[in-house]
Amino acid sequence: MSARLPLVLRRLGRLQPPGPPRRLRELCRASSGGGGGCGGGEGLLGQRRLRDTQAGSSRGPGSRAPPARDSIVREVIQNSKEVLSLLQGKNPAFKPVLAIIQAGDDNLMQEINQNLAEEAGLNITHICLPADSGEDEIIDEILKINEDTRVHGLALQISETSFSDKILNALKPEKDVDGVTDVNLGKLVRGDAHECFVSPVARAVIELLEKSGVNLDGKKILVIGAHGSLEATLQCLFQRKGSMTMSSQWKTPQLQSKLHEADIVILGSPKPEEIPLSWIQPGTTVLNCSHDFLSGKLGCSSPGVHGTGPIAEDVSLLAAALRIQNMVSGRRRWFREQQYRRWRLHCLKLQPLSPVPRITPTPLGEGKSTVTIGLVQALTAHLNINSFACLRQPSQGPTFGVKGGAAGGGYAQVIPMEEFNLHLTGDIHAITAANNLLAAAIDTRILHENTQTDKALYNRLVASVNGVREFSKIQLARLKKLGINKTDPSTLTEEEMRKFARLDIDPSTITWQRVMDTNDRFLRKITIGQGSTEKGYSRQAQFDIAVASEVMAVLALTDSLADMKERLDRMVVASDSNGQPVTTGDLGVTGALTVLMKDAIKPNLMQTLEGTPVFVHAGPFANIAHGNSSVLADKIALKLVGEEGYVVTEAGFGADIGMEKFFNIKCRASGLVPSVVVLVATVRALKMHGGGPSVTAGVPLKKEYTEENLQLVADGCCNLEKQIQIAHLFGVPVVVALNVFKTDTRAEIDLVCELAKRAGAFNAVPCYHWSIGGKGSVDLAQAVREAASKKSHFQFLYDVQLPIVEKIRTIAQAVYGAEDIELSPEAQSKIDRYTEQGFGNLPICMAKTHLSLSHQPDKKGVPKDFILPISDVRASIGAGFIYPLVGTMSTMPGLPTRPCFYDIDLDTETEQVKGLF
């Protein structure tokens, strides 16, 4: 093939966060004792009002009148509400959740939190533990909240004695709205208060003093009985206001003299009864940060002492409001950080050797993966632009067969390439296990239905366990599908039991095959069930390559764990005797498949030789599957690169296969819109399309491919022109990346670039990333940036509401250049069945050779006037497409005479893998 293509995606709009988070839980358990303080004595909430008589008695001669307490709180909450409204205007589904872990019962504090949060527009949840909860129990709750993406802030309301460094630093700094972790304190001390959370109690002290008209510059501040983060934050904030700050504990011998010197006294913990209020000089401003003042232990009637009553009350209530403000400000900061900013990425420096000490990575390929890697290396390592590559995970079939691995090559590789090409994190093995579990379930169900009565089958499907008989969750779903609105297994009628228990699968309609990730031609057609234990039930079946499994397609197209489960549930494996589809859900295996796939759904993060990030996810084989990297990897990468960044995502083979499926299947499913098509071509492949001799794996190339031949190049560019035209059908600009080999001459390179631009390419650029890394693709990166800046005119090739046959014909004629299509009787029968079953409005995934625009691999260039034969049609309902097989297309490759495994070995001393390429 002369052209293979990664596609460049640009974010067209922000990725919306998931829907509104629901409340976690109210776990208030009975406990003995009171609620205790918060944050090492930082009680953040107090009564909303003390009695006016009490408040009035606390004011002495010369004291300042406190500010309008409620108005300050209202101002803070109103400000938070307005900011949150602005955030939700851009992100309608966003509603932040504040979790408070509380040790002990304090309904008043819960009520205050709830009222303030609701007024500001937040969700809030209390997790109430016994007052005597131990460190491990508190940390366990903290860790749960840390990992809950629905919760955006976490505060602790526990007694001072319960606090420890271990508890405080168990909090994630980005959720620590009380500013108690070392990370947030460190940023505050360093002067980065705008990048961290600051204690709302300490902020409330400063706010109340300044609102009362107190000039803090030059004032002597005494902080008594404060510990840990509160003490450190108060000292830091007061010092920045020009105040002279002293700290003291209640038992300090010099306490009385220090109190006489102080202009302002901050009480960080409850005052012991033996310390008389008379030690505090008349006119001294006193603020209380301790929650225990509510118990009345402090006494609030000392004449001449200002603030022990109403001001203390205001500290606690305002602190609660400022915590809400911290929550909202933190989310605003988070959203701002999601906007584009250049990564502070330390890229790795290459020292290329010449000649490059490796062979060309794909002997018969054009270097699509290599170009993808070279492009992101150029963008990020050389142009300082955020970029991500999204590659497909290699199959063991090609790795040990003829093609080799898919890690790129030369100085444009994913590393470690051995891990990349061998198992990686086992996604394909998980797919194999899930696929084959479903295959086993199908044949086992047929066997048991053939050998049991209705009653016996029903009794085994809904067995009594420890005297209890009940339907499982997935069995209840099947009952609902059948229109049986019953939940008690003993209440079903005989007819309902029969309908529930019997799937009546027609073996001749089974489309679900077993898979393995090895090229094994002798499994293309097999007979199963020949053992005596199968009681005469046997049928013809086959194996496909693992990455052609519909489970792989589901993985590639899903956008969440819930969506993947739904897709797995609706996969159709056969029809019943009445022609109705039988699904994974009918077989009761959906949950098990999801469990097997729960880790495979996570993209794998790797890097290039120059340190730029790469997501590896989903699988190859765009000739027999849809063969694109995953939607999830693309969306996560788009989020990470930011508004001005680039995601280069890999599609399989040429514009006629990988790109067409990317546009018509993946873009429909994901809503993503590509900005640029990067069409990869080589001089060698163009010569082949121009009439050059055949190329065989493992056989040295003939001189036509190693010596200059401008005529062959010119003749072969007809294929490149056709590939460009196919991309234009979808309204996307094309940049041709000419992957240069050492045998290419300057005249050949210039000719290809000139003819590509004449054919309508936005630009055509020679690339040298294989030999010198990203530096060799800087021109390509700049061309891609320029093309991506143009307005997109993307459109689909066909309307999915068209009949299946018309959609197939549209692809055959518009993309391949066929005169028409020819359906086999079996293909026509399948199309009729799928249409009757309601699956006629799905997009099409053609299984066709990648070696020609036609169905015949030896027809190079641009074949014309051919009839495209459709031998069979399958339905991938979970993935969401119809799957026609063109000609004699095989879904299980075979091994060549000399496979790659001859060269692969392991050094048993160093455990170094050798021979992979």
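Use the structure listed above.
Residues numbered from 1 in each chain as written. Predicted model: local features only at pLDDT ≥ 70, side-chain atom pairs only at ≥ 80, totals over all residues. Heavy atoms only, no water.

1. Quick look at the overall build of the chain
Consideration 1: A tally of regular secondary structure across the chain gives 31 helices and 30 strands.
Consideration 2: The 917 residues of the chain split such that 57% are buried.
Consideration 3: Summing over all exposed atoms, the chain offers an accessible surface of approximately 37800 Å²; the carbon and sulfur share of this is 51%. (Helix = DSSP H or I, 4+ residues; strand = E, 2+ residues; numbered from the N terminus. Buried < 20%, exposed > 50% of the residue type's maximum accessible area, 1.4 Å probe, protein only. Areas by Shrake-Rupley, 256 points an atom, 1.4 Å probe, with all protein chains shown as cover.)

2. Structural notes on the pattern of salt bridges
Consideration 1: Counted under the stated rule, the structure contains 35 salt bridges.
Consideration 2: For glutamate 207, the salt bridge goes to lysine 211, with nearest N and O atoms at 3.9 Å. Of this pair, glutamate 207 and lysine 211 both sit in helix H7 (residues 200–211), separated by four residues, roughly a single helical turn.
Consideration 3: For glutamate 207, a relative accessible area of 25% gives the class partly exposed.
Consideration 4: Judged by relative accessible area, lysine 211 falls into the partly exposed class, the value being 39%.
Consideration 5: Linking glutamate 495 and arginine 498 is a salt bridge whose minimum nitrogen-to-oxygen distance equals 3.7 Å. Of this pair, glutamate 495 and arginine 498 both sit in helix H17 (residues 494–501), three residues apart, which is roughly one turn of the helix.
Consideration 6: Note on glutamate 495: relative accessible area 44%, which makes it partly exposed.
Consideration 7: Via salt bridges that share partners, Glu75, Glu207 and Lys211 belong to a single interconnected network. (Salt bridge = Lys/Arg side-chain N within 4 Å of Asp/Glu carboxyl O.)

3. Describing the packing of aromatic side chains
Consideration 1: Per the stated rule, a full pass over the model turns up 10 aromatic pairs.
Consideration 2: Centre to centre, the rings of tryptophan 343 and phenylalanine 388 are 6.1 Å apart; their planes meet at 90°, and the pair counts as edge-to-face. Taken together, the residues tryptophan 343 in the loop between helix H10 (310–338) and helix H11 (368–382) and phenylalanine 388 in strand E9 (residues 387–391) connect sequence positions 45 residues apart.
Consideration 3: By way of ring pairs, the aromatic residues Phe662, Phe663, Phe730, Phe794 and Phe796 are connected into one cluster.
Consideration 4: The residue whose ring lies beneath arginine 331 is tryptophan 334, and the NZ or CZ to ring-centre distance is 4.8 Å.
Consideration 5: A cation over an aromatic ring shows up here: arginine 874 above the ring of tyrosine 883, its NZ or CZ 5.8 Å from the ring centre. (Phe/Tyr/Trp six-rings, centres within 6.5 Å; stacked < 30°, edge-to-face > 60°. Lys NZ or Arg CZ within 6 Å of the ring centre and 35° of its normal.)

4. Focus on the sheet that holds strand E4 (residues 153–157)
Consideration 1: An order of E3-E2-E4 is seen for the three strands of this open sheet, with the pairing classed as parallel. Single-partner strands in this sheet number two, and they are strand E3 (123–129) and E4. Taking each pair of neighbouring strands and ignoring which way they run, the sheet shows an average axis angle of 20°.
Consideration 2: With five bridges connecting them, strand E2 (residues 97–103) and E4 associate as parallel partners. Its bridge partner lying in E4, alanine 99 is registered against leucine 154.
Consideration 3: The strands that helix H3 (residues 107–120) touches are E2, E3 and E4; relative to E3, the one it contacts most, it runs at about 165°.
Consideration 4: Here helix H4 (residues 135–147) sits on the sheet and contacts E2, E3 and E4; the angle it forms with E3, its principal contact strand, is near 160°. (Pairing = 2+ DSSP bridges. Axes fitted to C-alpha atoms, helices over the stretch in contact; angles between N-to-C directions. Contact = heavy atoms within 4.5 Å.)

5. Here we look at helix H21 (residues 590–597)
Consideration 1: For H21, the complete set of buried residues consists of Thr590, Leu593, Thr594 and Met597. All buried residues of H21 project into a common sector of 100° when viewed along the axis, lining one side.
Consideration 2: Taken together, the buried residues of H21 touch helix H14 (427–451), helix H16 (473–481), helix H18 (550–557), helix H19 (561–569) and helix H20 (584–587). (Arc of directions from axis to C-beta.)

6. Brief notes about the side chain of asparagine 604
Consideration 1: As for its placement among the helices and strands, asparagine 604 is situated in strand E20 (residues 604–608).
Consideration 2: Using a relative accessible area of 8% as the deciding quantity, one classes asparagine 604 as buried.
Consideration 3: A polar atom in the side chain of asparagine 604 sits 3.0 Å from the side chain of aspartate 427.
Consideration 4: Leave out the neighbours within four places in its chain, and asparagine 604 touches Gln393, Leu424, Thr425, Asp427, Val614, Phe615 and Val616. (Polar contact = N/O pair within 3.5 Å; in protein donor to acceptor, adjacent residues only side chain to side chain.)

7. Some points on the packing of helix H22 (residues 631–641) against helix H23 (residues 655–670)
Consideration 1: At a minimum axis distance of 10 Å, the contact between H22 and H23 shows a crossing angle of 65°. Between H22 and H23 lies a crossing whose hand is right-handed. Residue-level inspection shows Val631, Asp634 and Lys635 of H22 in contact with H23, the latter providing Phe662, Lys666 and Ser670.
Consideration 2: Looking at the contact of H22 with H23 residue by residue, the class counts come to two nonpolar, one polar and three charged. (Left-handed = near helix turned anticlockwise from the far one by under 90°. Nonpolar A, V, L, I, M, F, W, Y, C, P; charged D, E, K, R; others polar.)

8. Quick word on the sheet that holds strand E26 (residues 820–823)
Strand pairing in a sheet takes place through backbone hydrogen bonds and is either antiparallel or parallel in direction.
Consideration 1: Strand order in the open sheet formed by three strands is E26-E27-E28, and the pairing between neighbours is mixed. Of all strands in the sheet, those with a lone pairing partner are E26 and strand E28 (881–886), marking the two edges. With strand direction ignored, the average angle separating the axes of adjacent strands in the sheet is 50°.
Consideration 2: Inspection of the sheet shows strand E27 (residues 867–876) paired to E28 by six bridges, in the antiparallel sense. Pairing of alanine 875 across the sheet is with isoleucine 882, part of E28.
Consideration 3: Across the sheet, helix H30 (residues 804–816) lies against E26, E27 and E28, angled at about 135° from E26, the strand it touches most.

9. Observations concerning empty space enclosed by the protein
Think of a ball as big as a water molecule: rolled over the atoms, this probe shows where empty space is left.
Consideration 1: Counted under the stated rule, the structure contains seven cavities of 30 Å³ or more.
Consideration 2: Its volume calculated, the largest cavity comes out at about 210 Å³.
Consideration 3: Residue lining of the largest cavity: 19 residues in total, with Ala548, Ser549, Glu550, Ser876 and Tyr883 positioned closest to the centre.
Consideration 4: Among the secondary structure elements, those contributing two or more residues to the lining of the largest cavity are H18, E27 and E28.
Consideration 5: Ranked by the residues each element gives to the lining of the largest cavity, the list is headed by E27, at three residues.
Consideration 6: Classifying every residue of the lining of the largest cavity by side-chain character gives 11 nonpolar, five polar and three charged.
Consideration 7: In this structure, the second largest cavity spans a volume of roughly 100 Å³.
Consideration 8: Of all elements in the fold, only helix H12 (396–400), helix H13 (417–421) and H14 reach the threshold of two or more residues within the lining of the second largest cavity.
Consideration 9: Residues belonging to the lining of the second largest cavity are distributed by class as follows: six nonpolar, five polar and one charged. (1 Å grid on protein atoms, 1.4 Å probe; cavity = no way out; pocket = protein on both sides within 12 Å on 5 of 7 lines; lining within 4 Å. Points joined across faces, edges and corners; volume = space filled by probe spheres on them.)

10. Looking at the state of the cysteines
Consideration 1: Summed over all chains, the structure comprises zero disulfides.
Consideration 2: The cysteine cysteine 753 is free of any disulfide, with cysteine 767 supplying the nearest cysteine sulfur at 8.5 Å.
Consideration 3: A relative accessible area of 1% places cysteine 767 in the buried class. (Disulfide = S-S within 2.5 Å.)

11. Quick look at the pairing of E27
Consideration 1: Taking burial as the measure, the 10 residues of E27 include eight buried ones, the bulk of the element.
Consideration 2: When E26 meets E27, the two strands line up parallel, connected through four bridges. What sits directly across from glutamate 822, in E27, is proline 869.
Consideration 3: In this antiparallel pair of consecutive strands, E27 and E28, the connection spans four residues, and glycine 880 shows a positive phi of 100°.

12. Side note on the environment of isoleucine 882
Consideration 1: Mapped onto the elements, isoleucine 882 comes out in strand E28.
Consideration 2: In sequence terms isoleucine 882 and leucine 842 are 40 residues apart; their C-alpha atoms lie 6.3 Å from each other.
Consideration 3: Once residues lying within four places of it in the same chain are set aside, the contact partners of isoleucine 882 are Ile804, Tyr834, Phe839, Leu842, Pro843, Ile844, Cys845, Val873, Arg874 and Ala875.

13. Quick word on the nonpolar core
Consideration 1: Counting residues in hydrophobic clusters, the biggest one holds 60 residues, and the most contacted among them are Phe663, Leu720, Ile724, Val736, Met846, Leu868 and Ile882.
Consideration 2: If you look at the next biggest cluster of nonpolar residues, it comprises 54 residues, including Val83, Ile124, Leu287 and Val328. (Core = buried A, V, L, I, M, F, W, Y, C linked by side-chain atoms within 4.5 Å.)

14. Quick notes on the side chain of serine 629
Consideration 1: Within the secondary structure layout, serine 629 lies in the loop between strand E21 (613–616) and H22.
Consideration 2: By relative accessible area, serine 629 is classed as buried at 0%.
Consideration 3: At a separation of 3.5 Å, a polar atom in the side chain of serine 629 contacts the main-chain carbonyl oxygen of cysteine 390.
Consideration 4: A distance of 2.5 Å separates the side chain of serine 629 from the side chain of threonine 649, its partner in a polar contact.
Consideration 5: In contact with serine 629, other than residues within four places in its own chain, are Cys390, Leu391, Arg392, Ala556, His617, Ala618, Asp634, Thr649, Glu650 and Lys666.

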